[in-house]
Amino acid sequence: MVGRIDRARTAVGRATVMPVLLRGAIGFAFLAAMLVAWPVSLVVSRAVVLLAIVACYPAFAPRSRGVTVAALAVVGGWILDTTWYDARVALWRVLAVATLLYAGHSLAALAAVLPYDAIVNPDVVTSWLVRAGAVILGSAVLTVVALGLTAGLAGGAFVLATLVGLAAAVAVTLLLARLLRRP
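What counts and what doesn't
- Counting restarts for each chain: residues are numbered from 1 in the order of the written sequence.
- pLDDT decides what is reported in this predicted model: residues at 70 or higher carry local features, side-chain atom pairs at 80 or more are listed and counted, and totals for whole chains, interfaces and linings draw on all residues regardless.
- Note that water and hydrogens are dropped before the side-chain values are worked out from all heavy atoms of the structure.
- Strands here are runs of E lasting at least two residues and helices are runs of H or I lasting at least four, both read from the DSSP assignment and numbered beginning at the N terminus.
- Think of it in three bands: residues with accessible area under 20% of the maximum for their type are buried, residues over 50% are exposed, and the middle band is partly exposed, with areas taken using a 1.4 Å probe on protein chains only.
- We call two residues in contact whenever any of their non-hydrogen atoms come within 4.5 Å of each other.
- Residue exposure ignores everything except the shown protein chains as possible cover, and the areas themselves are Shrake-Rupley values with a 1.4 Å probe.
- A positive count includes Lys and Arg, and a negative count includes Asp and Glu. His and the chain ends are not counted in either.
- Charge positions are represented by NZ for Lys, CZ for Arg, CG for Asp and CD for Glu.
- Axis lines are fitted through C-alpha atoms, for helices just across the contact stretch, and the angle between N-to-C directions can take any value from 0 to 180 degrees.
- Any angle that is under 35 degrees is reported as roughly parallel, and any over 145 degrees as roughly antiparallel; angles of 65 to 115 degrees are reported as roughly perpendicular and all others as oblique.
- Handedness of a helix crossing follows the sense of rotation of the near helix relative to the far helix, less than a right angle counterclockwise being left-handed and clockwise being right-handed.
- Residue type decides the class: Asp, Glu, Lys and Arg count as charged, Ala, Val, Leu, Ile, Met, Phe, Trp, Tyr, Cys and Pro as nonpolar, and the leftover types, Gly among them, as polar.
- Whenever Lys or Arg places a side-chain nitrogen within 4 Å of a carboxyl oxygen from Asp or Glu, that contact is recorded as a salt bridge.
- Values of pLDDT, ranging from 0 to 100, describe the predictor's confidence in every residue of the model.
- Here, the term nonpolar core denotes a set of buried Ala, Val, Leu, Ile, Met, Phe, Trp, Tyr and Cys residues that are joined through side-chain atoms within 4.5 Å.
- Like-charged residues within 9 Å of one another, or nonpolar side chains (Val, Leu, Ile, Met, Phe, Trp, Tyr) within 5 Å, are grouped into patches, provided each residue has over 30% relative accessible area and no salt bridge.

A. Main features of the overall build of the protein. Counting its secondary structure elements, the protein contains eight helices and zero strands. The secondary structure elements of the protein, listed N-terminal to C-terminal, are α-α-α-α-α-α-α-α. Considered along the principal axes of its C-alpha atoms, the protein spans approximately 65 × 50 × 30 Å. Here the protein holds 183 residues, and the buried ones make up 27% of them. Sequence separation of 24 or more characterises 74% of the internal contacts of the protein that already satisfy a separation of 6 or more. Within the structure as shown, the protein displays about 12,100 Å² of accessible surface, and the carbon and sulfur contribution to it stands at 74%. Of the charged side chains in the protein, 14 are positive and 5 negative; the average position of the first set lies 9 Å away from that of the second.

Here's what the structure looks like:
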């Protein structure tokens, strides 16, 4: 236990600005995603402390499974809010949750390869954020376009399009799994 405390003290003493800012952004992104996704009645209760701990853990350990746990907690909160609490699905909430989850995950991937005491050129982080922003913007535009198209695809055509999309997703997953196993 004493060794861990000494290592933590050394890490805090050697930490540089950019990795600390990245880790803060990870915590902020996952916490904001939790607050948007979870039911309001739980967010304003004492349960918010547990949600904040789960959301901020990836900021302290970006290489751990904490990122996955935080993302699953956000998705679980969304499912709980839209099914059990019967909240209305609003486009702004869908886009906000997706944006914050992607931002948190992407920043955690960057922070996972940066030591806490690394001296990082701001251009590295800026280019990373620009690429992530392009992905977020493209995804948001495609989501809005797809939702606009669903108005015209009612009934059997919508079910057919959904099944074709699921089949394509499964086929791509199987293809990638096979390619990874090739010698």
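B. The arrangement of the packing of helix 6 (residues 91-113) against helix 7 (residues 122-150) in detail. At their nearest, the axes of helix 6 and helix 7 sit 10 Å apart, and the two run at 155 degrees to each other. When the axes of helix 6 and helix 7 are compared, the pair comes out roughly antiparallel. Considering only the axes of helix 6 and helix 7, their crossing is right-handed. Residues Leu91, Leu95, Thr99, Tyr102, Ser106, Leu107, Ala109 and Leu110 of helix 6 form the contact with helix 7, whose participating residues are Val125, Trp128, Leu129, Ala132, Val135, Ile136, Ala140, Thr143, Val144 and Leu147. Considered class by class, the residues forming the contact of helix 6 with helix 7 number 15 nonpolar, three polar and no charged.

C. Looking closely at the pattern of salt bridges. What the rule picks out here adds up to two salt bridges. Its salt-bridge partner being Arg9, residue Asp6 comes within 3.6 Å of it at the nearest N-O pair. Here the residue Asp6 and the residue Arg9 both occupy positions in helix 1 (residues 2-14), the gap between them amounting to three residues, near one helical turn. For Asp6, a relative accessible area of 37% corresponds to the partly exposed category. Residue Asp81 is joined to Arg93 by a salt bridge in which the shortest nitrogen-to-oxygen separation is 2.7 Å. Of this pair, Asp81 sits in helix 5 (residues 66-84) while Arg93 sits in helix 6; the two residues are 12 residues apart in sequence, bridging distant segments of the chain. Per residue, the accessibility class of Asp81 equals that of Arg93, and both read buried.

D. Here's a closer look at the confidence of the model for the protein. Mean pLDDT for the protein: 90, with 96% of residues reaching 70 or above. Per-element confidence in the protein is highest for helix 4 (residues 47-60), whose mean pLDDT is 96, and lowest for helix 1, whose mean pLDDT is 81.

E. Quick peek at the environment of Tyr102. Among the secondary structure elements, Tyr102 is positioned in helix 6. Tyr102 gets classed as partly exposed once you look at its relative accessible area, which sits at 33%. Between the C-alpha atom of Tyr102 and that of Ala29, which follows or precedes it by 73 residues, the distance is 8.8 Å. Here Tyr102 is in contact with Ala132, Val135 and Ile136, once residues within four sequence places are set aside.

F. Quick peek at the nonpolar core. Within the largest apolar cluster, 31 residues are counted, with the highest numbers of intra-cluster contacts made by Ile26, Phe30, Met34, Val74 and Val97. Among the elements of the structure, helix 2 (17-37), helix 4, helix 5 and helix 6 are those that each provide at least two residues to this core. Counting residues per element, this core draws most heavily on helix 2, which supplies nine residues. Non-local contacts of Val97, meaning those with residues more than four positions away in its chain, are made with Ala33, Val36, Ala37, Val74 and Trp78.

G. The arrangement of a nonpolar patch on the surface in detail. A cluster of nonpolar side chains, namely Leu137, Val141, Val145 and Leu149, defines an oily patch on the protein surface of about 380 Å² accessible area. Its location among the elements puts Leu137 in helix 7.

H. Region of interest: the side chain of Arg93. Taking relative accessible area as the criterion, Arg93 reaches 9% and is therefore assigned buried. Once residues lying within four places of it in the same chain are set aside, the contact partners of Arg93 are Val36, Ala37, Trp38, Trp78, Asp81, Ala87 and Arg88.

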